[in-house]
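An overview of the molecular structure
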Amino acid sequence: MSPTTSIALVARSQGNIYTLSFVPKSHLFYCYASDQQAIAKEAGRRIGTVREQACTLIFFIGGHKDASTVSAWAVSVIDFAFIFLFVCKSCFFLSEMGRKFFVGGNWKCNGTTEDVKKIVATLNAGELPSTDIVEVVVSPPFVFLTTVKSELRPEIQVAAQNCWVKKGGAFTGEVSAEMLANLGVPWVILGHSERRALLSETNEFVGDKVAYALSQGLKVIACVGETLEQREAGTTMEVVAAQTKAIADKISSWDNVVLAYEPVWAIGTGKVASPAQAQEVHAGLRKWFEENISAEVSATTRIIYGGSVSGSNCKELAGQPDVDGFLVGGASLKPEFIDIIKAAEVK
Ligand SMILES: O=C[C@H](O)COP(=O)(O)O
């Protein structure tokens with residue numbers, strides 16, 4: 001293969017189907033010059049996970065390595081320019097992208113075996129966007145976890161709604177992180193405001209729980225959010241920053257954490273935060289990450305919104321740049337949960 005026929009991996013759209021395909025470099029030039037936005041959107045948002053962006057680079061350079069003649073190794077100025085542009089593009093993707101939309105369904109303390117069967121049947125029959133676009137996790141009560149896990153379509157994962165703060169033992173009524181890991185439950189919700197308020201879970205206790213769950217290989221949906229009084233007092237950012245800091249103080253990596261911003265006044269009340277209100281706090285949390293943890297954690301950590309999300313308000317919320325998904329309560333028990341998952345397509 002000569003340098004002039006080097007090929008690259010780019011994203012192409014076929015209706016709603018996004019695939020990766022190999023194209024001649026000449027087409028790539030055309031694409032880069034004329035279709036840059038489409039490639040950025042498709043490769044970055046639809047397909048462009050960090051790993052796939054890396055593939056783009058590797059394959060592009062790999063075209064030269066396949067060369068059989070010495071002249072093929074004489075990489076032209078324009079080749080270098082392309083490689084440079086791809087590096088820049090990939091760096092851009094690394095900083096801006098890689099936050100796959102996340103939709104969690106928190107069933108809370110609801111359901112009978114019959115209800116669970118119905119919800120699972122609805123989810124199994126639903127037409128969902130591809131797993132390249134959205135990550136879906138449902139969180140049934142402990143007693144239904146294994147049934148739901150075994151009966152649900154494999155692309156939907158499960159989460160526990162809580163776990164014990166440290167290694168299991170003489171803690172009547174508790175479920176340990178290692179038990180969840182042993183059952184193959186990948187996710188756990190921690191720090192939900194209902195537990196903070198009703199069971200007096202403090203910021204520090206939640207931080208300890210998150211750290212222990214991560215140490216056992218679980219991924220964590222960590223919840224933060226202010227009460228109505230705190231919002232009215234103008235302390236929203238102070239409150240959510242303190243809750244986030246208590247977690248940050250106990251963990252060394254945010255790789256396996258999704259942060260759920262759930263204003264307490266919006267939970268189960270039908271009073272959803274406006275898209276602007278949600279965006280303001282999400283952007284504030286991202287800024288907090290940048291100033292207190294790192295630019296990378298700020299760019300890559302998913303911050304999802306929870307509180308009266310429904311089929312009718314989800315698209316507008318999903319349209320906000322820093323809203324990376326939802327943690328849904330009541331509506332996750334209903335067929336409209338499918339519509340909420342589909343809001344990922346707005347991104
Ligand atoms: O965990 C989910 C949140 O508490 C939101 O619940 P909700 O959608 O019923 O308001």
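Data block above holds the structure.
Residues numbered from 1 in each chain as written. Predicted model: local features only at pLDDT ≥ 70, side-chain atom pairs only at ≥ 80, totals over all residues. Heavy atoms only, no water.

1. Here's the deal with the sheet that holds strand E5 (residues 156–160)
Reading around the barrel, the eight strands line up as E3-E4-E5-E6-E7-E8-E9-E10 and close back on themselves, with parallel pairing between neighbours. Strand-to-strand twist across the sheet, computed as the mean angle between neighbouring axes with direction ignored, equals 25°. Docked against the sheet, helix H9 (residues 203–215) engages strand E6 (187–190), strand E7 (219–224) and strand E8 (257–261), running at close to 175° with respect to E6. Those strands touched by helix H12 (residues 275–292) are E7, E8 and strand E9 (303–306), and its axis lies near 150° from that of E9. (Pairing = 2+ DSSP bridges. Helix = DSSP H or I, 4+ residues; strand = E, 2+ residues; numbered from the N terminus. Axes fitted to C-alpha atoms, helices over the stretch in contact; angles between N-to-C directions. Contact = heavy atoms within 4.5 Å.)

2. Quick word on the pattern of salt bridges
Applying the stated criterion across every chain, the model contains 14 salt bridges. The residue Glu114 makes a salt bridge to Lys117 at a minimum N-O spacing of 3.7 Å. Of this pair, Glu114 and Lys117 are both found in helix H5 (residues 113–125), three residues apart, which corresponds to roughly one turn of the helix. Classification of Glu114 as partly exposed rests on a relative accessible area of 45%. A salt bridge links Glu226 to Arg231; the shortest N-O distance between them is 2.7 Å. The class of Glu226 is buried, set by a relative accessible area of 0%. (Salt bridge = Lys/Arg side-chain N within 4 Å of Asp/Glu carboxyl O. Buried < 20%, exposed > 50% of the residue type's maximum accessible area, 1.4 Å probe, protein only.)

3. Some points on the packing of helix H11 (residues 236–248) against H12
Packing of H11 against H12 leaves a shortest axis separation of 10 Å and a crossing angle of 45°. Taken together, the axes of H11 and H12 are oblique relative to one another. Crossing of H11 against H12: the hand is right-handed. For the pair formed by H11 and H12, the contact residues are Thr236, Met237, Val240, Ala241, Thr244, Lys245 and Ala248 on the first element and Val281, Gly284, Leu285, Trp288 and Phe289 on the second. Across the contact of H11 with H12, the residue classes tally to eight nonpolar, three polar and one charged. (Parallel < 35°, antiparallel > 145°, perpendicular 65-115°, else oblique. Left-handed = near helix turned anticlockwise from the far one by under 90°. Nonpolar A, V, L, I, M, F, W, Y, C, P; charged D, E, K, R; others polar.)

4. Observations regarding the state of the cysteines
Counted under the stated rule, the structure contains zero disulfides. No disulfide involves Cys163; its sulfur sits 12 Å from that of Cys223, the nearest cysteine. Here Cys314 is not cross-linked by a disulfide; its sulfur's nearest cysteine counterpart is in Cys223, at 19 Å. (Disulfide = S-S within 2.5 Å.)

5. With respect to the packing of aromatic side chains
Across all of its chains, the model carries seven aromatic pairs by this definition. Here the aromatic rings of Phe101 and Phe326 are separated by 5.6 Å at their centres, their planes lie at 80°, and the arrangement is edge-to-face. Note that Phe101 is positioned in strand E3 (residues 101–106) and Phe326 in strand E10 (residues 325–328), a separation of 225 residues in sequence. You'll find Phe101 and Phe326 in the same group, each marked buried. Summarising the aromatic geometry, the rings of Trp288 and Phe289 are spaced 5.9 Å apart at their centres and angled 70° between planes, so their arrangement reads as edge-to-face. Ring-pair connections join several aromatic residues into one group, and the members of that group are Trp164, Phe171 and Phe205. (Phe/Tyr/Trp six-rings, centres within 6.5 Å; stacked < 30°, edge-to-face > 60°.)

6. A closer look at the pairing of E8
Taking burial as the measure, the five residues of E8 include five buried ones, the bulk of the element. In the sheet, E7 pairs with E8 via five bridges, with the strands oriented parallel. When the bridges of E8 are listed, Ile221 appears paired with Val258. Of the pairings in the sheet, the one linking E8 to E9 comprises three bridges and is parallel in character. Across the sheet, the residue bridging to Tyr261 is Tyr305, located in E9.

7. Observations concerning the packing of H9 against H11
The N-to-C vectors of H9 and H11 enclose an angle of 40°; their axes lie 7 Å apart at closest approach. Classified by the interaxial angle, the pair formed by H9 and H11 is oblique. Like other packed secondary-structure pairs, H9 and H11 cross with a definite hand, here right-handed. Between H9, through Asn203, Glu204, Val206, Gly207 and Val210, and H11, the contact on the second element is made entirely by Ala242, Gln243, Ala246 and Ile247. The residue makeup of the contact of H9 with H11, split by class, is five nonpolar, three polar and one charged.

8. Overview of the site of the ligand
Lining the immediate environment of the ligand, one finds 13 residues, of which Lys108, His192, Gly268, Ser308 and Gly330 sit closest. In this structure, an oxygen atom belonging to the ligand sits 3.0 Å away from a side-chain N or O atom of Asn106. Between an oxygen atom of the ligand and a side-chain N or O atom of Glu262, the distance comes to 3.2 Å. When isolated, the ligand has an accessible area of 310 Å², and the protein chains bury 95% of it. Here the shell around the ligand is built from residues that sort into four nonpolar, seven polar and two charged. (Near = heavy atom within 4 Å. Polar contact = N/O pair within 3.5 Å; in protein donor to acceptor, adjacent residues only side chain to side chain. Areas by Shrake-Rupley, 256 points an atom, 1.4 Å probe, with all protein chains shown as cover.)

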